[in-house]
Amino acid sequence: MSTSYRPFDTGHLLRIKAPAKINLHLEVLGLRADGFHELAMVMQSIDLADYLEITRNEDGEINLSVDDPNLSTGDDNLIIKAARLIRDNSGVKGLGANIHLCKKIPIGAGLAGGSSDGAATLFGLNSLWGLAFTRKKLISLAAELGSDIPFCLEGGTQLCFGRGEKLESLKACSPFMAVILIKDPSVSVSTPWAYGRCREIRGAHYLESESDFERCRQQLRDENWLKNWSISEPPPLKNDLQKVVAPEISSVQNGLELLSELPGSLGVAMSGSGPSCFALYSSYNKAKDVFDQNRERLSTSGLESWCCSFQPQGVTSES
Ligand code: C5P
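About the criteria used
- Residues numbered from 1 in each chain as written.
- Predicted model: local features only at pLDDT ≥ 70, side-chain atom pairs only at ≥ 80, totals over all residues.
- Heavy atoms only, no water.
- Pairing = 2+ DSSP bridges.
- Helix = DSSP H or I, 4+ residues; strand = E, 2+ residues; numbered from the N terminus.
- Axes fitted to C-alpha atoms, helices over the stretch in contact; angles between N-to-C directions.
- Contact = heavy atoms within 4.5 Å.
- Buried < 20%, exposed > 50% of the residue type's maximum accessible area, 1.4 Å probe, protein only.
- Right-handed = clockwise from strand over helix to strand, strands pointing away.
- Disulfide = S-S within 2.5 Å.

Peer 1: Sorry, what's going on with the sheet that holds strand 11 (residues 304–309) here?
Peer 2: Strand pairing within a sheet occurs via backbone hydrogen bonds; the two strands may be parallel or antiparallel. Taken together, the 4 strands give an open sheet; going across it, the order is 9-10-7-11, and neighbouring strands pair in antiparallel fashion. A strand with exactly one partner marks an edge of an open sheet, and here the two such strands are strand 9 (267–270) and strand 11. On average, each strand axis in the sheet is inclined to that of its neighbour by 20°, with strand direction left out of account. Where strand 7 (residues 178–183) meets strand 11, 6 bridges bridge the pair, whose relative direction is antiparallel. Bridge assignment links Lys183 to a residue of strand 11, and that residue is Glu304. Helix-sheet contacts for helix 8 (residues 250–261) involve strand 7, strand 9 and strand 10 (277–281), and the interaxial angle to strand 9 is about 165°. Here helix 9 (residues 284–300) sits on the sheet in contact with strand 7, strand 10 and strand 11, set at roughly 175° to strand 11.

Peer 1: Looking at this model, I keep getting lost on the pairing of strand 3 (residues 62–66). Mind explaining?
Peer 2: Side chains on a regular strand alternate between the two faces of the sheet. Of the two faces of strand 3, only one is covered, namely that formed by Ile62, Leu64 and Val66; the face formed by Asn63 and Ser65 stays uncovered. Bridge analysis of strand 3 against strand 4 (residues 96–102) gives 5 bridges, and the strand direction is parallel. Each residue of the ladder has a partner; that of Asn63, found in strand 4, is Asn98. For the crossover from strand 3 across helix 1 (residues 78–90) to strand 4, the handedness is left-handed.

Peer 1: What am I meant to see in the state of the cysteines here?
Peer 2: Where two cysteines share a covalent bond between their sulfur atoms, that bond is called a disulfide. A complete count under the given rule lists 0 disulfides for this structure. Its sulfur unpaired, Cys160 is 9.2 Å from the next cysteine sulfur, which belongs to Cys152. Sulfur of Cys308: no disulfide; nearest cysteine sulfur belongs to Cys307 and is 6.7 Å away.

Peer 1: In this structure, what is going on with unusual backbone geometry? I would like to understand it.
Peer 2: In this model, Gly274 is joined to Pro275 through a cis peptide bond whose omega is 5°. For Pro275, the location among the structural elements is in the loop between strand 9 and strand 10. Of note, Ala112 is a non-glycine position whose phi angle comes to about 60°, a positive value. Note on placement: Ala112 falls in the loop between strand 4 and helix 2 (113–128).

Right, dumping it as structure tokens:
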């Protein structure tokens, strides 16, 4: 690995796009020896994104500012953790950065907003500090930071196994697919709480052997996620956490019912540990028509809503 420290222009601003993800499939297989759950998932990047603006500084500090007062700028923020991790791994002294986060992805929503910000930090600082870490090395740093962060780096449509960090790429599911996404702004779900409830309710039925895990992984690989899905042949959306979160959070149950009443969708599901939910459409134009016709209904139900196309990649530089 190169540790060369190239001369830099402190005025240069990098703008990194950090997209949200949804889960087309989230299957909880069992509990691992490290306390995490063994998962089999299909994750998909969507065009709802945070933006990070990063400049170098000479004082060797990592400074974070955010445009959302609900968000911590302290040591618990994944941006700070990611910046320290990549700096420590570089072995280079005196690296500093000023990072500004423009927050658009709702917090605690099951959309991996925080994880995508962490991925964008690794990606951006690797470039800004001229560290030349390989993609493989960035992914291994990402996996140290959090289970969803490798996916957020790579993005597109991926099978995700292990804790979620083991990726098997599928080509873009369909670049034209889209979702109507909703979230109750007054509710956020803690991911550890959702997995804890899952363990309480389903733990006695968890699979235990690696051969059972592998059988489930193979079943997911054998589904043709790249098919041209239609209403008569909808994709097998699944979220095991939905079964434990929806009964406890009424806005998830109500949101799923409301989405099910919208015409023309290929299915509805909760994303990640919730509470955001989506209705899937075969094209952006179809989703946008339904969205425009139902915008008022969604907002009078007290829900934030978005219409988002699928994205073929994870974090990208816009500079
Ligand atoms: O890896 P990450 O920090 O995103 O995980 C947050 C929490 O979610 C973990 O501390 C754990 O409680 C739960 N989790 C889990 N199994 C996974 C991923 C997350 O139990 N595969």
